[in-house]
Amino acid sequence: MEDNKKQNRAMSQFMLIDALSGIYHTLHIIDLERDIIVEYNEDEYVSQNITAIDPQGKLNESMKLVCINEHLDNALDFVNLNTLAERLNGKKTITSEFISAYKGWIRARFITVDSDADGVPTRVIYATEIIDEEKRREEKLIKISLTDELTTLLNRRAYEEEIAEYKEKGIPDDLVYVSLDLNGLKGVNDNLGHSAGDEYIVGAAKIIRAALGTSGKVFRTGGDEFMAIIKADSETVKQLFDYMDSEVKAFKPTFNYEPSISKGWASHNEFPDASIEELAHTADMRMYDDKSRYYRETGKDRRR
């Protein structure tokens, strides 16, 4: 009777493992007490009688064979069986993700099967699954969430994340913060309609991207507000602004308005002790000075 129970239990476990092996890319049962590893894969059941294979050596060999160099150290840390009990303590499963040179993104997982009286895992499942398509969908969604729908530039959320990163990690010596604003957009919207306003915004975005995008990141942070964080010296910035001005003059709108972009910038080299917020403030003030000069010289009503 007892033998029948054991046989039934063994058969149930085999059927469960066989089902799991069809889901996961690779699947291993590791007996940590007896130092045995049993390997399954998505194509066939390999064997239940592999007793001469060192589990740690098998996992390390597998990682070194498939994992790209940039992810190898983290992958080897994850499959370290000497620290597994501590990492699984109080958990049924733990996971890690890395990039395979052959299959793209892989998610690796340890699952506790049996534990001793102290809760230390004695038998675990080690499984991997290919998640490259999932990662691509995730990256696409992230890109959408960080992109301005009208211009396809980075949006305010992306801008705030960028600023937070510089606050945390510091500012490179060649960083330049650029503040830009479209002159007269409100008047274009009020007098010619939002189709004209959208044309103005999209056209300006293309010019700004062409001028500054190869040197860093360009953001649309508001209706007529654009920011760029680039890496350049002062002479290069002036050349980029000259190019931007020439492209604005060459732009031929469908509607009857005259495009113009006010600009201001501040560099870390110029203000080495300034925070990223202080550089942003200085660039904004210089942009507003440029905007005031534009309205003064053209005689246009700033409120229109």
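Look a little higher up for the structure.
So, here's what we can say about the structure. (Residues numbered from 1 in each chain as written. Predicted model: local features only at pLDDT ≥ 70, side-chain atom pairs only at ≥ 80, totals over all residues. Heavy atoms only, no water.)

### A word on the overall build of the protein
When helices and strands are tallied, the protein shows ten helices and nine strands. Contacts in the protein between residues far apart in sequence, at least 24 positions, make up 56% of those at least 6 positions apart. In the form shown here, the protein has an accessible surface area of approximately 17,800 Å², with 47% of it arising from carbon and sulfur atoms. (Helix = DSSP H or I, 4+ residues; strand = E, 2+ residues; numbered from the N terminus. Contact = heavy atoms within 4.5 Å. Areas by Shrake-Rupley, 256 points an atom, 1.4 Å probe, with all protein chains shown as cover.)

### As for the nonpolar core
Membership of the largest hydrophobic core comes to 29 residues, with the highest contact counts inside it found for Val 178, Leu 212, Ile 230 and Met 244. Looking at this core, the element that brings in the most residues is helix α8 (residues 194-212), giving nine residues. Contacts of Met 244, omitting those with residues within four sequence positions, involve Leu 180, Ile 207, Ile 208, Ala 211, Leu 212, Ile 261 and Lys 263. Within the second largest apolar cluster, 19 residues are counted, among which are Ile 30, Leu 88, Phe 98 and Val 124. (Core = buried A, V, L, I, M, F, W, Y, C linked by side-chain atoms within 4.5 Å. Buried < 20%, exposed > 50% of the residue type's maximum accessible area, 1.4 Å probe, protein only.)

### Examining the packing of aromatic side chains
Summed over all chains, the structure comprises six aromatic pairs. Between Phe 110 and Tyr 126, the ring centres sit 4.9 Å apart and the planes meet at 45°, which makes this aromatic pair tilted. Residue Phe 110 is located in strand β4 (residues 104-115), and its partner Tyr 126 is located in strand β5 (residues 121-130); the two are separated by 16 residues in the primary sequence. With relative accessibility at 0%, the residue Phe 110 sits in the buried group. With centroids separated by 6.4 Å and ring planes inclined at 70°, the aromatic side chains of Tyr 159 and Tyr 177 adopt a geometry described as edge-to-face. (Phe/Tyr/Trp six-rings, centres within 6.5 Å; stacked < 30°, edge-to-face > 60°.)

### As for the pattern of salt bridges
Applying the stated criterion to the full structure yields 22 salt bridges. Where Glu 134 meets Arg 107, a salt bridge forms, and the shortest distance between an N and an O atom there is 2.8 Å. Of this pair, Glu 134 sits in helix α5 (residues 132-145) while Arg 107 is found in strand β4, placing the two residues 27 residues apart along the sequence. When its relative accessible area of 31% is taken as the criterion, Glu 134 is described as partly exposed. Salt bridges sharing partners connect three or more residues here, namely Glu 97, Arg 107, Arg 109, Glu 129, Glu 134, Lys 135 and Glu 138. (Salt bridge = Lys/Arg side-chain N within 4 Å of Asp/Glu carboxyl O.)

### A closer look at unusual backbone geometry
If you check the backbone angles, Asp 35 has positive phi at about 60° while not being a glycine. Structurally, the position occupied by Asp 35 is in the loop between β1 (26-31) and β2 (36-41). The phi dihedral of Thr 152 falls on the positive side, at around 65°, and the residue is not glycine. By the element assignment, Thr 152 lies in the loop between α5 and α6 (156-169).

### Quick look at helix α2 (residues 55-66)
Every α-helical turn comprises 3.6 residues, leaving residues that sit three or four positions apart pointing alike. When the terminal C-alpha atoms of α2 are compared, their 17 Å separation across twelve residues agrees well with the 16 Å that a helix rising 1.5 Å per residue should span. All of the buried residues in α2 are Pro 55, Gln 56, Leu 59 and Met 63. Buried residues of α2 fall within an arc of 100° about the axis and therefore sit on the same side. In α2, the exposed positions angled more than 90 degrees off the buried face are occupied by Glu 61, Lys 64 and Leu 65. (Expected span 1.5 Å × (residues − 1). Arc of directions from axis to C-beta.)

### Section: the sheet that holds strand β8 (residues 225-231)
Here we have four strands laid out as an open sheet, ordered β7-β8-β6-β9, and antiparallel in their pairing. Every interior strand has two partners, whereas the edge strands, β7 (216-220) and β9 (261-267), have only one. Between one strand and the next, the sheet's axes are offset by a mean angle of 15°, whatever the strand orientation. Here β7 runs beside β8; their pairing, made up of five bridges, is antiparallel. Pairing of Val 218 across the sheet is with Ala 228, part of β8. (Pairing = 2+ DSSP bridges. Axes fitted to C-alpha atoms, helices over the stretch in contact; angles between N-to-C directions.)

### Section: the packing of α8 against helix α9 (residues 234-250)
The contact between α8 and α9 brings their axes to 9 Å, and the two run at 150°. Between α8 and α9, the angle is such that the two are roughly antiparallel. Two packed elements cross with a definite hand, and for α8 against α9 that hand is right-handed. Counted together, Ile 207, Ile 208, Ala 210, Ala 211 and Leu 212 of α8 and Leu 240, Tyr 243, Met 244, Glu 247 and Val 248 of α9 form the full contact between these two elements. Classifying every residue of the contact of α8 with α9 gives nine nonpolar, no polar and one charged. (Parallel < 35°, antiparallel > 145°, perpendicular 65-115°, else oblique. Left-handed = near helix turned anticlockwise from the far one by under 90°. Nonpolar A, V, L, I, M, F, W, Y, C, P; charged D, E, K, R; others polar.)

### Things to note about the pairing of β8
Each regular strand displays side chains that alternate between the two surfaces of the sheet. When you tally the buried positions in β8, you get five out of seven residues, the bulk of the element. Where β7 folds back on β8, the antiparallel hairpin that results is connected by four residues.

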